[in-house]
Amino acid sequence: MGLRIELDESKCSGLGLCEAEAPELFEVRDDGSLDILDATPSDEHRAACEAAIASCPTEALRLVES
Ligand code: SF4
């Protein structure tokens, strides 16, 4: 079992609320696109990951258990 973060780029507006919650996982690039620094985070990052996903106003992020 692992975690995978999926991004729907068409929904992301680059506001960076996810980065504010979990800067170790997300970084908004200078051009406003989002860089997922670790798309398959370890379980210790689950809480931060869920908080970041919940903070996204456009529901661009999704956490998949794989
Ligand atoms: S919070 Fe959502 S819309 Fe904002 S940068 Fe992150 S994924 Fe994109």
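Residues numbered from 1 in each chain as written. Predicted model: local features only at pLDDT ≥ 70, side-chain atom pairs only at ≥ 80, totals over all residues. Heavy atoms only, no water.

**Q** Tell me about the pattern of salt bridges, residues and numbers included.
**A** In this structure the tally under the stated criterion is 6 salt bridges. Residue glutamate 6 is joined to arginine 4 by a salt bridge in which the shortest nitrogen-to-oxygen separation is 2.6 Å. Accessibility expressed as a relative area gives 25% for glutamate 6, which makes it partly exposed. Given a relative accessible area of 31%, arginine 4 falls into the partly exposed group. Arginine 46 is paired through a salt bridge with glutamate 50; the nearest N and O atoms lie 3.9 Å apart. Of the two residues, arginine 46 and glutamate 50 are both situated in helix α2 (residues 46–55); the distance of 4 residues between them amounts to about one turn of the helix. Put simply, Asp43, Arg46, Glu50 and Glu65 are held in one network by salt bridges that share partners. (Salt bridge = Lys/Arg side-chain N within 4 Å of Asp/Glu carboxyl O. Buried < 20%, exposed > 50% of the residue type's maximum accessible area, 1.4 Å probe, protein only. Helix = DSSP H or I, 4+ residues; strand = E, 2+ residues; numbered from the N terminus.)

**Q** Please set out the environment of leucine 61 residue by residue, giving values where relevant.
**A** Considering the arrangement of structural elements, one finds leucine 61 in strand β4 (residues 61–65). Sequence-wise, leucine 61 and isoleucine 5 are 56 residues apart; in three dimensions their C-alpha atoms are separated by 6.9 Å. Not counting residues up to four positions away in its chain, the partners in contact with leucine 61 are Ile5, Glu6, Leu7, Cys18, Phe26, Leu34, Ala52, Ile53 and Cys56. (Contact = heavy atoms within 4.5 Å.)

**Q** Which residues make up the environment of threonine 40, and what values do they have?
**A** Within the secondary structure, threonine 40 is located in the loop between β3 (34–36) and α2. Since its relative accessible area comes to 52%, threonine 40 is described here as exposed. Between the C-alpha atom of threonine 40 and that of leucine 17, which follows or precedes it by 23 residues, the distance is 19 Å.

**Q** Could you give an account of the nonpolar core, with specific residues and numbers?
**A** Core analysis: the biggest nonpolar cluster contains 11 residues, these being Ile5, Cys18, Ala22, Leu25, Phe26, Leu34, Ile36, Cys49, Ala52, Ile53 and Leu61. The set of elements that each furnish at least two residues to this core consists of β3 and α2. If one sorts the elements of this core by residue count, α2 sits on top with 3 residues. When near neighbours in sequence (up to four residues on either side) are disregarded, cysteine 49 contacts Ile5, Leu25, Pro41 and Leu63. (Core = buried A, V, L, I, M, F, W, Y, C linked by side-chain atoms within 4.5 Å.)

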